[in-house]
Amino acid sequence: MKEADQPSPKNTTPNSQRVGKRLAIIREELGKHYGEAEWTQAAVAKRTGLTQNIIWRIEQGEGGKIENWLKVMGVYEAEGYNLNWVLTKHNGRVGKLQMDDVTKKAPEPIRDAIQKLLDRHLIAVDEKLEEKMHELTALIGAHFRTS
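Residues numbered from 1 in each chain as written. Predicted model: local features only at pLDDT ≥ 70, side-chain atom pairs only at ≥ 80, totals over all residues. Heavy atoms only, no water.

Chemist: Help me understand helix α3 (residues 52–59), please; the structure alone is not making it clear to me.
Modeler: Along α3, the residues classified as buried are I55, W56, I58 and E59. Buried positions in α3, seen along its axis, are confined to an arc of 160° and lie on one side of it. Lining the buried residues of α3 we find α1 (14–34), α2 (41–48) and α4 (66–78). A positive backbone phi angle near 85° is found at G61, which sits one or two residues after α3. (Buried < 20%, exposed > 50% of the residue type's maximum accessible area, 1.4 Å probe, protein only. Helix = DSSP H or I, 4+ residues; strand = E, 2+ residues; numbered from the N terminus. Arc of directions from axis to C-beta. Contact = heavy atoms within 4.5 Å.)

This is the structure:
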C-alpha cells in the first residue's frame, strides 16, 4: 500500500481493529486451506463486489460503511465461520467455526470432542498471534529507539 493508503489512527477504534484482525485471520486460514490465490484480499474483494483497498482498510480496522463490513463477514459465514467469534470482545469460549446441521446431530461426546478440538485450535492461533504482536511491538520499539 502507498503511504497515503496507510491507516490513520484517528480512523480506527479498538473494536474495529480487533474485528479487522479477526477477519484477516479467517481470510489467511481459508488461504492455507484452499490455496492462497483463492483468498487474497483481491479475491475477497471480487467475491464481495468491493475493492481490494476496501478489504485492506477493513482488515486494518479503519472505518467504512457497515454494509461493506457485513459483505465480508457474510462471505466468511458462508464458509462456516462463526460471526460471534469475530465480534465478541473476549471470544475464548466462542467457537470459531459454526456447528453445521450434521455436527449438531452427532452424539454429545462427538460434539464435545469437536468443540474441544476447535477450542485448542483457537487457543493456539491466539497464542501465536499474541507472540507475533509482541515481536512486532519489540521491533517497532527498537526501531524508534535507534532513530
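Chemist: Explain the packing of α3 against α4 to me, please; I cannot follow it from the model alone.
Modeler: Interaxial distance between α3 and α4 falls to 10 Å at its minimum, and their mutual angle equals 85°. The angle between α3 and α4 places the two elements in the roughly perpendicular class. Across the interface between the two elements, I54, I55, I58 and E59 of α3 pack against N68, W69, V72 and Y76 of α4. For the contact of α3 with α4, the residue count by class is six nonpolar, one polar and one charged. (Axes fitted to C-alpha atoms, helices over the stretch in contact; angles between N-to-C directions. Parallel < 35°, antiparallel > 145°, perpendicular 65-115°, else oblique. Nonpolar A, V, L, I, M, F, W, Y, C, P; charged D, E, K, R; others polar.)

Chemist: How do you make sense of the nonpolar core when you look at a structure like this?
Modeler: If you look at the biggest cluster of nonpolar residues, it comprises 22 residues, and the most contacted ones within it are L23, I26, V72, Y76, W85 and V86. Not counting residues up to four positions away in its chain, the partners in contact with L23 are I58, E59, W69, V72, M73, Y76 and V86. (Core = buried A, V, L, I, M, F, W, Y, C linked by side-chain atoms within 4.5 Å.)

Chemist: Whenever I open this one, the environment of T12 confuses me. Can you help?
Modeler: Among the secondary structure elements, T12 is positioned in the segment before α1. Overall, the relative accessible area of 16% leaves T12 in the buried class. A C-alpha to C-alpha distance of 9.8 Å links T12 and I58, two positions 46 residues apart in sequence. Dropping the residues within four chain positions of it, T12 is found in contact with Q17, Q60, G61 and E62.

Chemist: What exactly am I supposed to notice about the pattern of salt bridges here?
Modeler: Oppositely charged side chains can pair when the atoms bearing their charge come close. Tallied over the entire structure, the rule returns five salt bridges. K128 is the partner of E131 in a salt bridge, and the nearest nitrogen-oxygen pair spans 3.8 Å. You can see E131 and its partner K128 sitting in helix α7 (residues 108–146), three residues apart, about one turn around the helix. On the basis of relative accessible area, E131 is assigned to the partly exposed category, the value being 37%. (Salt bridge = Lys/Arg side-chain N within 4 Å of Asp/Glu carboxyl O.)

Chemist: Any chance you could explain the packing of α1 against α4 here in plain terms?
Modeler: Helix packing for two helices is described by the angle between their axes and how far apart those axes are. Packing of α1 against α4 brings their axes to within 11 Å, and their N-to-C directions diverge by 35°. By crossing handedness, the relation of α1 to α4 is classed as left-handed. Residues S16, V19, G20, L23, I26, R27 and L30 of α1 pack against W69, V72, M73 and Y76 of α4. (Left-handed = near helix turned anticlockwise from the far one by under 90°.)

Chemist: Help me understand the packing of aromatic side chains in this model?
Modeler: For any pair of aromatic rings, the description rests on two quantities: the centre-to-centre distance and the angle between the ring planes. All chains considered together, the criterion is met by one aromatic pair. One Lys or Arg, R22, reaches over the ring of W85 and ends 5.6 Å from the middle of that ring. (Phe/Tyr/Trp six-rings, centres within 6.5 Å; stacked < 30°, edge-to-face > 60°. Lys NZ or Arg CZ within 6 Å of the ring centre and 35° of its normal.)

Chemist: What is the right way to look at the confidence of the model for the protein chain in this model?
Modeler: Interpreting fine coordinate detail is not advised for predicted regions of low pLDDT. In this model, the protein chain carries an average pLDDT of 82, and 83% of its residues clear a pLDDT of 70 or more. The secondary structure element of the protein chain with the lowest average pLDDT is helix α6 (residues 101–105), at 57, and the one with the highest is α2, at 97. The low-confidence segment residues 1–9 (pLDDT under 50) makes twelve contacts with residues lying over four places distant or belonging to another chain. (pLDDT = per-residue confidence, 0-100.)

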